[in-house]
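Next come the chains, spelled out residue by residue.
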Amino acid sequence: MIQLDEKIYFYFLSVIPVLVVLFILLQIWKNRTQKQFADTDLFKRLTPSRSRFKSTLKLLFFLVGIAFLTLGLVNPKMGTKLETVKREGVDIVFAVDVSKSMLAEDIAPNRLEKAKRLVSEIVNQLASDRIGIIAYAGQAFPQLPITTDYGAAKMFLQSMNTDMLTSQGTAINEALELAATYYDDEEQTNRVLFIISDGEDHSADATLNAVEQAVEEGIRIFTIGVGKTKGAPIPLKRNGVVESLKKDAQGEVVITKLNEEILVDIADEGNGEYIDGTNTDEAVEYIKEQLLQMDKKEFEAKQFAEFKDQFQWFLGIGLLFLFLDVFVLDKKTKWLRRLNLFNEKIED
């Protein structure tokens, strides 16, 4: 496992594209200026030892050096000792709706981003609970199995989008059935499922049957509603720009609404509660209180206890490339000229 100490230094990498742009502009300016004094063939005759590729090579060395020095400042650490530790917590699975209706912007910035923020903030409040993530639309997909790696959970969470599942629609029953397979400990009685959705469900009867089965397996179901009951259209975007609004078969603009009724029914049948996700802080605080009241189950988890600094390797490689940049000249060297690696025309 790799741990990064000072991620803020990654901002130094933004210098690289700036230098590339400046280099290109400089080369354009040089070429224009040279053409004012002599044509290309004459200029090559006047400067036979000038290499067209050394300047690019020098820039490449410099940029690679900067990149490795930046990684050295970030100070990557490698886990060297894995230990088994005992923890107490609850097994929590988040089922996040990624259907197209979650693109509606009746709650800023849109329903899906709001759902992802809610899950992320809940994870921030956890201490030793195990978590898993499911994405669902017309079908359910296991995004992350039960784990104690909260960093990985957030990474997978941020990658979720409405294009990740080809089967569109909203089948909450699929998410419920998949969630039941996440709880691999038969003695684990503290099983919690959070369904984060706008409540649109194309299989309501199957959903309630799945809820009943989940309850029999000891799963407690909470639902979190995102969106507004008055509804909103579904924008279809390309590169962040709205191209059109989703329309039905009759050509009418589709208005998707928060269906609190089905979410309340699921929570009631699932021995949980419906939570309004409009106010993130209030929703997260309420969920935190609910989790604290639950009995904790002891389980074993493996984690790295010792990490070894690796910054010296990156600093060394970075300094090596900067050293090469200093000693690589723009002029052609004799032995490279003989090799003619770039198939340059050699003037007599």
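Quantities reported herein were computed from a predicted structural model and do not represent experimental measurements.

Looking at this structure, I do not really get the pairing of strand E9 (residues 235–238). What am I missing?
The side chains of a regular strand alternate between both faces of the sheet. As judged from the 4 bridges shared by E9 and strand E10 (residues 241–245), these two strands associate in the antiparallel manner. Of the residues in E10, the one forming a bridge with Leu-236 is Ser-244. Adjacent in sequence and paired antiparallel, E9 and E10 are bridged by 2 residues, among which Asn-239 carries a positive phi angle near 55°.

Would you mind showing me how to read the sheet that holds strand E3 (residues 91–97) here?
Two modes of strand pairing occur in sheets, parallel and antiparallel, and in both the strands are linked by backbone hydrogen bonds. The mixed open sheet is built from 6 strands, whose spatial order is E5-E4-E3-E6-E7-E12. Looking at strand neighbours, the two that pair on one side only are strand E5 (140–147) and strand E12 (274–276), the edges of this open sheet. When strand polarity is set aside, the average angle formed by the axes of neighbouring strands in this sheet is 20°. Across 7 bridges, strand E6 (residues 191–197) lies against strand E7 (residues 219–225) in parallel orientation. By the bridge assignment for E7, Ile-195 is matched with Thr-223.

Where do I start with the packing of helix H3 (residues 54–74) against helix H10 (residues 311–327) in this structure?
Pairs of packed helices are described in terms of their axes, by the angle between the two and the distance that separates them. In contact at an axis separation of 7 Å, H3 and H10 are set at 160° when each is read in the N-to-C sense. Here H3 lies roughly antiparallel to H10, going by the angle between them. Crossing angle aside, the handedness with which H3 passes H10 is left-handed. Residues Lys-58, Leu-59, Phe-61, Phe-62, Val-64, Gly-65, Phe-68, Leu-69, Leu-71 and Gly-72 of H3 pack against Phe-311, Phe-314, Leu-315, Ile-317, Gly-318, Leu-319, Phe-321, Leu-322, Leu-324, Asp-325 and Val-326 of H10. In terms of residue class, the contact of H3 with H10 is built from 16 nonpolar, 3 polar and 2 charged.

When you look at unusual backbone geometry in this model, what are you seeing that I'm missing?
With the exception of glycine, the majority of residues adopt a negative phi angle, and the majority of peptide bonds are in the trans configuration. At the junction of Ala-108 and Pro-109, the peptide bond is cis and its omega measures out at -10° in the coordinates. Here Asn-75, not a glycine, exhibits a phi torsion of approximately 60°, which is positive. Mapped onto the elements of the fold, Asn-75 is located in the loop between H3 and strand E2 (76–89). Of note, the phi angle at Asn-271 is positive, near 60°, even though the residue is not glycine. Residue Asn-271 is classed as partly exposed on the basis of its relative accessible area, which comes to 48%.

Is there a simple way to think about the packing of aromatic side chains in this case?
Any pair of aromatic rings gets described here by the distance separating the centres and the angle formed by the planes. Using the criterion set out here, one finds 6 aromatic pairs in the structure. With a centroid separation of 5.8 Å and an interplanar angle of 55°, the aromatic rings of Phe-61 and Phe-321 are classed as tilted. Of this pair, Phe-61 sits in helix H3 while Phe-321 sits in helix H10, and the two are 260 residues apart along the sequence. You can call Phe-61 buried: its relative accessible area is 16%. A residue is classified by how much of its surface remains accessible, and Phe-321, at 21% relative accessible area, is partly exposed. Measuring from centroid to centroid gives 5.6 Å for Phe-94 and Phe-194, while their planes differ by 20°, and the two rings are stacked.

Can you help me understand the pattern of salt bridges in this one?
Proximity of charged atoms lets side chains of opposite charge pair with each other. Scanning all chains against the criterion turns up 8 salt bridges. Taking the shortest distance from any N to any O, the salt bridge between Asp-198 and Arg-111 comes out at 2.9 Å. Of this pair, Asp-198 sits in the loop between E6 and helix H7 (204–216) while Arg-111 sits in helix H4 (residues 111–124); the two residues are 87 residues apart in sequence, bridging distant segments of the chain. Neither residue differs from the other here; Asp-198 and Arg-111 are each classed as buried. In this structure, Glu-243 and Arg-238 form a salt bridge, with 3.6 Å as the shortest nitrogen-oxygen distance. There is no split in this pair, since Glu-243 and Arg-238 are both exposed. Through salt bridges with shared partners, a single network forms among Asp-106, Arg-111 and Asp-198.

I'm lost on a nonpolar patch on the surface in this one. Help?
Judged by side-chain polarity, Val-18, Val-21, Leu-22, Ile-24, Leu-25 and Ile-28 come together as a nonpolar surface patch covering roughly 520 Å² of accessible area. Take Leu-22: it is sitting in helix H1 (residues 15–37). Looking at Leu-22, the relative accessible area reads 49%, which means it is partly exposed.

Looking at this structure, how should I read helix H5 (residues 150–158)?
The periodicity of an α-helix, 3.6 residues per turn, causes residues three or four positions apart to be oriented the same way. Among the residues of H5, those classed as buried are Tyr-150, Ala-152, Ala-153 and Leu-157. Projection of H5 onto a plane perpendicular to its axis shows the buried side chains occupying an angular sector of 155°, all on one side. Of the surrounding elements, those touching the buried residues of H5 are H4, strand E4 (130–136) and E5. Two or three places before Gly-151, at the start of H5, stands the capping residue Asp-149, its side-chain oxygen 3.2 Å from that residue's backbone nitrogen.

Is there a simple way to think about the nonpolar core in this case?
Nonpolar side chains tend to gather and get buried jointly when the protein is soluble and globular. Counting 35 residues, the largest nonpolar core has Ile-92, Phe-94, Ile-131, Phe-194, Ile-196 and Ile-224 as the members making the most contacts within it. When residues of this core are traced back to their parent elements, those giving at least two are E3, H4, E4, H5, E6, E7 and helix H9 (280–292). Ignoring any residue separated from it by four or fewer positions in sequence, one finds Phe-94 in contact with Val-119, Ile-122, Val-123, Ile-131, Gly-132, Ile-133, Ile-134, Phe-194 and Ile-196. With 24 residues, the next largest nonpolar core counts Ala-95, Ile-134, Ile-172 and Ile-262 among its residues.

Each value, and the rule that gives it
- Residues numbered from 1 in each chain as written.
- Predicted model: local features only at pLDDT ≥ 70, side-chain atom pairs only at ≥ 80, totals over all residues.
- Heavy atoms only, no water.
- Pairing = 2+ DSSP bridges.
- Helix = DSSP H or I, 4+ residues; strand = E, 2+ residues; numbered from the N terminus.
- Axes fitted to C-alpha atoms, helices over the stretch in contact; angles between N-to-C directions.
- Parallel < 35°, antiparallel > 145°, perpendicular 65-115°, else oblique.
- Left-handed = near helix turned anticlockwise from the far one by under 90°.
- Contact = heavy atoms within 4.5 Å.
- Nonpolar A, V, L, I, M, F, W, Y, C, P; charged D, E, K, R; others polar.
- Buried < 20%, exposed > 50% of the residue type's maximum accessible area, 1.4 Å probe, protein only.
- Phe/Tyr/Trp six-rings, centres within 6.5 Å; stacked < 30°, edge-to-face > 60°.
- Salt bridge = Lys/Arg side-chain N within 4 Å of Asp/Glu carboxyl O.
- Patch = residues over 30% accessible without salt bridge, like charges linked within 9 Å, V, L, I, M, F, W, Y side chains within 5 Å.
- Areas by Shrake-Rupley, 256 points an atom, 1.4 Å probe, with all protein chains shown as cover.
- Arc of directions from axis to C-beta.
- Polar contact = N/O pair within 3.5 Å; in protein donor to acceptor, adjacent residues only side chain to side chain.
- Core = buried A, V, L, I, M, F, W, Y, C linked by side-chain atoms within 4.5 Å.

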